[in-house]
Amino acid sequence: MFGAILENKLSSLSKEVIDYGNLTVERVDDSVISFLEGDISKARDIIESTALVNEKSHEIEHGCLKILGLHQPVAKDLRMGAALLRTSIELERINILSAYISRYAIDANTNGKNLYKPPHLSFMSQTVQTMIKDGVGALISQDIQLLKRSTKNYVPLQDFYNQMFAQYDGEEIGSSSTHLILVGRNLLSMGHHVMGMADRIAYMIVGKRVMHHKVFYNVLMK
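Section: the overall build of the protein
Thought 1: Helices and strands together make up the secondary structure of the protein, namely nine helices and zero strands.
Thought 2: The secondary structure elements of the protein, listed N-terminal to C-terminal, are α-α-α-α-α-α-α-α-α.
Thought 3: Within the span of the protein, comprising 222 residues, buried residues form 48% of the whole.
Thought 4: Pairs at least 24 apart in sequence give 81% of the contacts found in the protein among residues at least 6 apart.
Thought 5: When the accessible surface of the protein is summed, it comes to about 11100 Å², and 53% of that surface belongs to carbon and sulfur atoms.

Quick word on the environment of L85
Thought 1: Tracing the sequence through the fold places L85 in helix α4 (residues 75–110).
Thought 2: Classification of L85 as buried rests on a relative accessible area of 18%.
Thought 3: A sequence separation of 25 residues divides L85 from I60, and the C-alpha atoms of the two residues are 6.9 Å apart.
Thought 4: Other than its neighbours up to four places away in sequence, L85 contacts E61 and C64.

What to know about the pattern of salt bridges
Thought 1: For the coordinates displayed, the defined rule picks out six salt bridges.
Thought 2: Its salt-bridge partner being E90, residue R93 comes within 3.5 Å of it at the nearest N-O pair. Of the two residues, R93 and E90 both sit in helix α4, three residues apart, roughly one turn of that helix.
Thought 3: R149 serves as the salt-bridge partner of D134, at 2.9 Å between the closest nitrogen and oxygen. Taken together, the positions of D134 in helix α5 (residues 120–141) and R149 in helix α6 (residues 144–152) put the pair 15 residues apart, joining distant regions of the chain.
Thought 4: Look at D134 and you get buried, because its relative accessible area is 7%.
Thought 5: Linked by salt bridges that have partners in common, R86, E90, R93 and D199 make up one network.

Considering the environment of P156
Thought 1: Along the polypeptide, P156 turns up in helix α7 (residues 154–168).
Thought 2: Residue P156 is classed as partly exposed on the basis of its relative accessible area, which comes to 27%.
Thought 3: Sequence separation between P156 and M124 is 32 residues; the distance between their C-alpha atoms is 8.3 Å.

A few points about the nonpolar core
Thought 1: Residues F35, L84, I132, L139, L187 and M190 are the most contacted members of the largest nonpolar core, which totals 57 residues.
Thought 2: Per element, the largest residue contribution to this core is 14 residues, and it comes from helix α8 (residues 178–206).
Thought 3: Apart from the residues within four sequence positions on either side, L84 is in contact with L10, L13, S14, V17, I60, C64 and L139.

Notes on unusual backbone geometry
Thought 1: The phi dihedral of Q142 falls on the positive side, at around 55 degrees, and the residue is not glycine.
Thought 2: By relative accessible area, which is 34% here, Q142 ends up partly exposed.

Section: α5
Thought 1: Taking 1.5 Å as the rise per residue, α5 with 22 residues should run 32 Å; its terminal C-alpha atoms sit 31 Å apart, in good agreement.
Thought 2: Once α5 ends, the next one or two residues include Q142, with phi positive near 55 degrees.

Here's the deal with the packing of aromatic side chains
Thought 1: All chains considered together, the criterion is met by one aromatic pair.
Thought 2: Relative to F160, the ring of F123 lies with its centre 5.4 Å away and its plane at 40 degrees, an arrangement referred to as tilted. Highlighted residues: F123 in helix α5 and F160 in helix α7, separated in sequence by 37 residues.
Thought 3: Its guanidinium or amino end placed over the ring of Y203, R79 lies 5.8 Å from that ring's centre, counting from NZ or CZ.
Thought 4: Over the ring of F35 we find K117, and its NZ or CZ is 5.0 Å from the ring centre.

Digging into the packing of α6 against α8
Thought 1: One way to put it is that α6 packs onto α8 with a least axis distance of 10 Å and a crossing angle of 165 degrees. Relative to α8, the element α6 is oriented roughly antiparallel. Taken as a pair, α6 and α8 cross one another with a handedness that is left-handed. Counted together, I144, L147, S150 and T151 of α6 and V194, M195, A198, I201, A202, I205 and V206 of α8 form the full contact between these two elements.
Thought 2: Class assignment for the residues of the contact of α6 with α8 results in nine nonpolar, two polar and no charged.

Quick notes on the rules
Along each chain, residues carry numbers from 1 onward, in the same order as the chain's sequence is written. A pLDDT threshold of at least 70 governs which residues receive local features in this predicted model, and a stricter bar of 80 or more applies before side-chain atom pairs are shown or counted, although totals over entire chains, interfaces and linings include all residues. Computation of side-chain values: all heavy atoms of the structure, hydrogens and water removed. Elements are defined by DSSP. Helices are runs of H or I of four residues or more, strands are runs of E of two residues or more, and each kind is numbered from the N terminus. Three exposure classes are used, based on accessible area relative to the maximum for each residue type with a 1.4 Å probe and protein chains only: buried under 20%, partly exposed in between, and exposed over 50%. Any pair of residues with heavy atoms lying within 4.5 Å of one another is described as a contacting pair. Per-residue and other accessible areas follow the Shrake-Rupley method at a 1.4 Å probe size, with only the shown protein chains counted as cover for residues. A pair is scored as a salt bridge if a Lys or Arg side-chain nitrogen falls within 4 Å of a carboxyl oxygen belonging to Asp or Glu. Only buried residues count toward a nonpolar core. Its members are Ala, Val, Leu, Ile, Met, Phe, Trp, Tyr and Cys residues joined through side-chain atoms within 4.5 Å. Here the expected span of a helix is defined as 1.5 Å times the quantity of residues minus one. Aromatic rings from Phe, Tyr and Trp, taking only the six-membered ring of Trp, are treated as a pair when their centres fall within 6.5 Å; an angle between ring planes under 30 degrees marks them as stacked, one over 60 as edge-to-face, and anything in between as tilted. Placement of a positive charge over a ring is assigned whenever Lys NZ or Arg CZ falls within 6 Å of the ring centre and within 35 degrees of the normal to the ring plane. In this description, a line fitted to the C-alpha atoms serves as the axis of each element, helices being fitted only across the stretch in contact, and the angle between N-to-C directions of two axes falls anywhere from 0 to 180 degrees. Any angle that is under 35 degrees is reported as roughly parallel, and any over 145 degrees as roughly antiparallel; angles of 65 to 115 degrees are reported as roughly perpendicular and all others as oblique. In this scheme the handedness of a crossing depends on how the near helix is turned from the far one: anticlockwise by less than a right angle means left-handed, clockwise means right-handed. Gly falls in the polar group here, along with every residue not listed as nonpolar (Ala, Val, Leu, Ile, Met, Phe, Trp, Tyr, Cys, Pro) or charged (Asp, Glu, Lys, Arg).

Quick look at the structure:
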């Protein structure tokens, strides 16, 4: 009986994480579009809604802590609860980064300069969105192959950033390219947060920690 109750609560939290993940993906996409298209209205909407959106993370965290305190799960159920908690925290941080990108969209538009916005930012945005979708999907389906697909995308994400950075390397800080670099850096940081999710999700699936670089590489990056 108690096992069924615990399973239902974990299932309910999993659905909440899916919804939160989907919303996070939408916000990443909208924030980058607001920068590329100079859509100030969309940028302001993202910034103003961030606190409300991230209330979902607090609700998931509260639900996870209640499960840990009241049901004292063990083995895979415990790992599942920990993975849900870590995922919600990382998604919250990604949402905050989306707000930062929206802030850069407003600042860049205020400067009144027509910046060349390279396709790298769009590629990075799509890569981050794919990483989030695959990471959350791997958590829910407990699919290590799907998780590997998510983590492997971090390599092209870095490549896109490095290519863009090299294009503007040597320009003075405070020049028109600064906002482009900042947006790229925030997208790269989003990838870092997905990788943070991944080690806890992998632990849930395979039952061993993969934070050590060699183990992480062997489990997730091959």
